[in-house]
2 protein chains.
Amino acid sequence: MIYLDHAATTPLDGRVLEAMMPYLRDQYGNASSVHAMGQAARRAVDRARGEVAALISADPSEIIFTSGGTEADNLAIAGLPPARKDGRRGIVASAIEHHAVLHACEAAGADGAHLTLVRPDERGRLGLETVRRAVDADTALVSVMAANNELGTIEPVREIAEIAHEQGALMHTDAVQAAGQLPLDVREMGVDALTLTAHKFYGPKGIGALYLRRGTAIDRLQLGGGQERGRRAGTENVAGIVGFGEAARLAAEEMAARSGHVAALRDRLWQALCDVPGAERLGDPEHSLPGYLVLRFLGVDGEALVLNLDLHGICASMGSACSSGSLEASHVLTAIGLDPAAAREGLRLTVGRGNSAEEIDEVAHVLRRIVERQRELTGSRD
Amino acid sequence: MIYLDHAATTPLDGRVLEAMMPYLRDQYGNASSVHAMGQAARRAVDRARGEVAALISADPSEIIFTSGGTEADNLAIAGLPPARKDGRRGIVASAIEHHAVLHACEAAGADGAHLTLVRPDERGRLGLETVRRAVDADTALVSVMAANNELGTIEPVREIAEIAHEQGALMHTDAVQAAGQLPLDVREMGVDALTLTAHKFYGPKGIGALYLRRGTAIDRLQLGGGQERGRRAGTENVAGIVGFGEAARLAAEEMAARSGHVAALRDRLWQALCDVPGAERLGDPEHSLPGYLVLRFLGVDGEALVLNLDLHGICASMGSACSSGSLEASHVLTAIGLDPAAAREGLRLTVGRGNSAEEIDEVAHVLRRIVERQRELTGSRD
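Residues numbered from 1 in each chain as written. Chains lettered and ligands numbered in written order. Predicted model: local features only at pLDDT ≥ 70, side-chain atom pairs only at ≥ 80, totals over all residues. Heavy atoms only, no water.

Participant: A description of the sheet that holds strand 2 (residues 63-66) of chain A should follow, citing residues and the corresponding values.
Facilitator: Residues and elements named next belong to chain A. The strand order across the open sheet formed by seven strands is 2-8-7-6-5-3-4, and the pairing between neighbours is mixed. Unpaired on one side and paired on the other, strand 2 and strand 4 (114-118) mark the two borders of the sheet. Direction aside, neighbouring strands of the sheet carry axes that sit 20° apart on average. In terms of strand pairing, strand 6 (residues 170-174) meets strand 7 (residues 193-197) through three bridges, oriented parallel. Each residue of the ladder has a partner; that of D174, found in strand 7, is T195. The sheet contacts of helix 4 (residues 99-110) involve strand 3 (90-94), strand 4, strand 5 (139-143) and strand 6, and relative to strand 3 the element is tilted by about 155°. (Pairing = 2+ DSSP bridges. Helix = DSSP H or I, 4+ residues; strand = E, 2+ residues; numbered from the N terminus. Axes fitted to C-alpha atoms, helices over the stretch in contact; angles between N-to-C directions. Contact = heavy atoms within 4.5 Å.)

Next up, the structure:
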């Protein structure tokens with residue numbers, strides 16, 4: 001089995017699991033309980049909060065733990081504009097946001113918000129002038145992802161945050177795909193809110209966070225108990241939070257080494273495939289997450305490639321796992337100008353810290369043969 | 001350490017952890033990915049869905065996994081009334097619901113719903129006539145918990161569901177505290193929606209579910225990807241779901257033995273304490289979860305008892321962990337007629353499957369001394 005779908009999710013780091021184990025065994029207290037068992041859990045949650053905050057140079061008090069990236073995105077989009085209480089109705093987002101942002105924006109739109117979607121260029125990167133034209137004195141919130149999950153394209157978040165702030169709007173960034181891969185500093189980026197999830201950088205599934213700049217008002221989404229300083233109700237997922245913290249700590253410590261490793265393998269893979277007839281690289285090589293290689297082999301269906309790779313024990317994807325099974329073409333690939341048929345040719349190969357050069361060579365070899373075979377089968381080689 | 005706070009959370013069963021381990025190690029796929037790693041995760045999620053469904057005699061398709069009881073409660077309260085699209089604005093709930101229900105009801109009220117809270121009797125049990133008077137042709141939803149988390153009092157959910165349905169209202173029950181402790185059959189109870197969470201019956205924290213009767217429309221709460229058949233977005237917490245399934249399977253299998261064990265220890269504890277001067281048992285012994293002993297020692301502050309028990313290595317609580325640290329008196333204890341000062345005397349001791357008779361005897365001995373000592377200190381013995 002060769003796993004090249006690290007954009008969908010990553011293996012849990014053995015060291016992260018080790019850190020979680022005490023909280024899956026003896027330290028089972030409810031972090032809100034006042035007794036010793038509860039206090040031990042509370043201390044673990046607080047320690048992890050510090051580690052997650054440190055990954056993005058935030059203050060621990062600015063971290064709200066959620067059940068994952070989707071909840072954090074929903075919280076930002078649904079919670080930030082109404083809490084302003086200044087009557088602004090505008091939300092500006094990129095057209096290639098994850099559905100966790102886009103669908104939350106559409107729901108806000110159904111409730112009366114004015115939604116403006118900004119299109120990126122053909123590499124998936126937003127132009128600052130395009131953003132500037134969309135943001136005005138009615139804009140409550142601008143939401144642009146730090147890096148796109150399907151393409152790996154890194155967005156100019158710092159510059160967009162400046163544009164947002166010039167107009168008095170808040171700035172949110174979905175950093176689910178970027179976190180742990182790129183250095184992120186919320187002060188330097190100038191964002192008011194930022195979404196994280198653990199399972200994209202070798203942490204557990206089912207735990208994420210919203211960074212919320214101190215002093216920023218937000219309406220709550222999940223209502224009930226007083227957890228997370230009253231900002232997110234629900235019994236704390238202590239083991240998950242501890243794993244999130246450890247994964248954040250390790251990502252911060254090892255980021256440069258990991259990036260170097262996956263970028264080198266990604267480049268090796270592209271070198272081995274770039275001479276396949278009709279091979280085309282999507283995304284923006286100048287501004288790309290290190291492990292991303294998004295390809296298109298002209299005339300070859302992406303799903304056929306994924307299924308055939310799977311038969312060879314190679315895990316890859318067409319794009320977002322969250323949209324798998326959907327019959328619609330990727331909204332990301334159509335937004336960068338591909339027609340629906342072309343968008344179905346997308347193949348996303350995302351390298352991780354556990355991959356080796358041997359695996360990469362094997363994948364290149366197998367994929368080349370599969371592409372040839374597909375073209376023979378469909379007669380589309382010429 | 002003697003743990004008598006099983007109502008707040010329970011230890012993770014070693015067998016549950018064992019079942020989770022493959023999904024914390026090698027089976028790390030995203031359950032929405034089409035490749036083999038994804039499909040293995042998908043099969044595990046489906047198997048667990050069947051086990052959770054079986055615990056409440058539901059169909060697997062009727063289970064929506066959530067991040068816990070709070071999210072499931074929020075989803076039911078926020079999602080069911082508007083999806084009716086028949087203009088009904090009424091929500092009827094008991095005054096002793098968990099805040100995850102009550103605060104969601106209040107938010108619905110702020111959005112125009114007509115909220116009616118029904119008071120229980122002094123044992124925390126709802127009278128059917130009281131409910132009948134509150135439910136009318138405008139009622140969209142009735143929400144009454146299966147058993148109260150602070151008192152352990154079991155509510156007549158089946159009879160209340162009949163009243164709701166006679167008026168054309170939907171019936172939701174928060175069974176977070178009851179599940180795994182009492183046999184629950186959604187058909188027999190006649191409920192349209194039911195909330196579960198794993199960590200109250202020896203499963204992991206951070207995972208819960210809403211049972212939703214087939215054919216019942218609901219507005220989504222968490223928006224994004226197409227997971228849970230489009231009813232709840234977000235990457236599946238595979239290991240958590242697997243643990244939830246195994247905890248449900250074990251609870252179903254061992255329910256009678258567990259109930260017998262904890263009820264016997266609970267009775268033993270009460271026998272050992274009932275002659276303490278001013279000792280009073282709260283809740284409804286005729287309709288009580290098996291492990292619950294809720295006490296009051298007249299004139300003795302509950303928090304002082306909890307803190308002193310903690311110094312002796314005994315974990316107990318005043319009431320809901322979710323409200324710990326709150327300066328307000330318990331809304332449950334005030335709803336059953338205690339004044340705020342009396343409500344602060346509440347002490348909740350909740351027995352679990354791991355407790356022994358020796359532990360119970362030790363707790364009785366220590367608690368008796370602490371009560372005496374507290375009365376000496378405050379001079380309130382006379």
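Participant: If you had to explain the packing of aromatic side chains to someone new, which residues and values would you point to?
Facilitator: One pass over the structure, following the stated rule, counts six aromatic pairs over all chains. Taken together, a centroid distance of 6.2 Å and an interplanar angle of 45° make the contact between F201(B) and F244(B) tilted. Within this pair, whereas F201(B) is found in the loop between strand 7 (193-197) and strand 8 (208-212), its partner F244(B) is found in helix 8 (residues 238-273), the two being separated by 43 residues in sequence. We classify F201(B) as buried; its relative accessible area is 0%. Overall, the relative accessible area of 0% leaves F244(B) in the buried class. What links up through ring pairs into an aromatic cluster is the set F65(A), F201(A) and F244(A). (Phe/Tyr/Trp six-rings, centres within 6.5 Å; stacked < 30°, edge-to-face > 60°. Buried < 20%, exposed > 50% of the residue type's maximum accessible area, 1.4 Å probe, protein only.)

Participant: I'd like a description of the relation of the copies chain B and chain A, backed by residues and values.
Facilitator: When chain B is fitted to chain A, the best match, at an RMSD of 0.0 Å, comes from turning it 180° and sliding it 0.0 Å along the axis. Look at the turn and shift together and you get a two-fold axis relating the two. The rotation axis passes nearest to the C-alpha of S67(B) in chain B, at a distance of 3.0 Å. A share of 100% of interface residues in chain B that are also interface residues in chain A marks the association as one of identical surfaces. (Least-squares fit on C-alpha atoms with pLDDT ≥ 70 in both.)

Participant: So what's going on with the packing of helix 9 (residues 302-311) of chain B against helix 12 (residues 357-378) of chain B? Residues and values would help.
Facilitator: All names here are of chain B. The N-to-C vectors of helix 9 and helix 12 enclose an angle of 130°; their axes lie 10 Å apart at closest approach. With respect to their mutual orientation, helix 9 and helix 12 come out oblique. Of the two elements, helix 9 crosses helix 12, and the hand of that crossing is right-handed. Residue-level inspection shows A304, L305, N308 and L309 of helix 9 in contact with helix 12, the latter providing V366, L367, I370, V371 and Q374. Considered class by class, the residues forming the contact of helix 9 with helix 12 number seven nonpolar, two polar and no charged. (Parallel < 35°, antiparallel > 145°, perpendicular 65-115°, else oblique. Left-handed = near helix turned anticlockwise from the far one by under 90°. Nonpolar A, V, L, I, M, F, W, Y, C, P; charged D, E, K, R; others polar.)

Participant: Summarise the domain arrangement of chain A; cite the residues concerned and give the values.
Facilitator: Residues and elements named next belong to chain A. Taken domain by domain, chain A holds domain 1 (2-8 + 255-378) and domain 2 (14-250). The straight-line distance from the C-alpha centre of domain 1 to that of domain 2 is 28 Å. Listed per partner, the contact involves 31 residues of domain 1 and 34 residues of domain 2. Taking both partners together, domain 1 and domain 2 bury about 2700 Å²; carbon and sulfur atoms supply 54% of that area. Across the salt bridge formed by R123 and D284, the nearest N and O atoms sit 3.4 Å from each other. Counting every contact that joins domain 1 to domain 2 gives 14 residue pairs in polar contact (both at pLDDT 80 or more). Of all the secondary structure elements, the ones that give two or more residues to the side of domain 1 that touches domain 2 are helix 8 (238-273), strand 10 (292-297) and helix 10 (331-335). Ranked by the residues each element gives to the side of domain 1 that touches domain 2, the list is headed by helix 10, at five residues. A breakdown of the residues in the side of domain 1 that touches domain 2 according to their chemical character gives 14 nonpolar, twelve polar and five charged. (Domains from an automatic or database assignment. Buried area = accessible area lost by both parts, 1.4 Å probe. Salt bridge = Lys/Arg side-chain N within 4 Å of Asp/Glu carboxyl O. Polar contact = N/O pair within 3.5 Å; in protein donor to acceptor, adjacent residues only side chain to side chain.)

Participant: Describe the layout of surface pockets, naming the residues involved and giving the relevant values.
Facilitator: In this model, the largest pocket occupies a volume close to 1500 Å³. What lines the largest pocket is a set of 47 residues, among which A78(A), D111(A), L221(A), D111(B) and L221(B) lie closest to the centre. Elements with a contribution of two residues or more to the lining of the largest pocket: helix 3 (69-84), strand 3 and helix 4 of chain A together with helix 3 (69-84), strand 3 (90-94) and helix 4 (99-110) of chain B. Here the lining of the largest pocket is built from residues that sort into 26 nonpolar, nine polar and twelve charged. (1 Å grid on protein atoms, 1.4 Å probe; cavity = no way out; pocket = protein on both sides within 12 Å on 5 of 7 lines; lining within 4 Å. Points joined across faces, edges and corners; volume = space filled by probe spheres on them.)

Participant: Which residues make up the environment of P11(B), and what are the values?
Facilitator: Here P11(B) lies in the loop between strand 1 (2-3) and helix 1 (14-24). Discounting residues that sit within four places of it in the chain, P11(B) has contacts with Y28(A), H6(B) and Y202(B).

Participant: Describe the pattern of salt bridges, and please don't skip the residues or the numbers.
Facilitator: Under the defined criterion, the tally for this structure stands at 56 salt bridges over all chains. A salt bridge links R15(A) to E254(A); the nearest nitrogen and oxygen atoms lie 2.6 Å apart. Placement of R15(A) in helix 1 (residues 14-24) and of E254(A) in helix 8 is noted, with a sequence separation of 239 residues between them. A residue is classified by how much of its surface remains accessible, and E254(A), at 17% relative accessible area, is buried. Residue D59(B) is joined to R214(B) by a salt bridge in which the shortest nitrogen-to-oxygen separation is 3.5 Å. Linking D59(B) in the loop between helix 2 (36-55) and strand 2 (63-66) with R214(B) in the loop between strand 8 and helix 8, this pair joins segments that are 155 residues apart in sequence. Here the salt bridges do not stand alone but share partners, grouping D13(A), R15(A), E254(A), R258(A) and R353(A) into one network.

Participant: So what's going on with the pairing of strand 2 of chain A? Residues and values would help.
Facilitator: Residue and element names in this part refer to chain A. Here strand 2 shows no split at all, with I63 and F65 on one side and I64 and T66 on the other all buried. Bridging between strand 2 and strand 8 (residues 208-212) involves four bridges; their strand directions are antiparallel. By the bridge assignment, I64 is partnered in strand 8 with L210.

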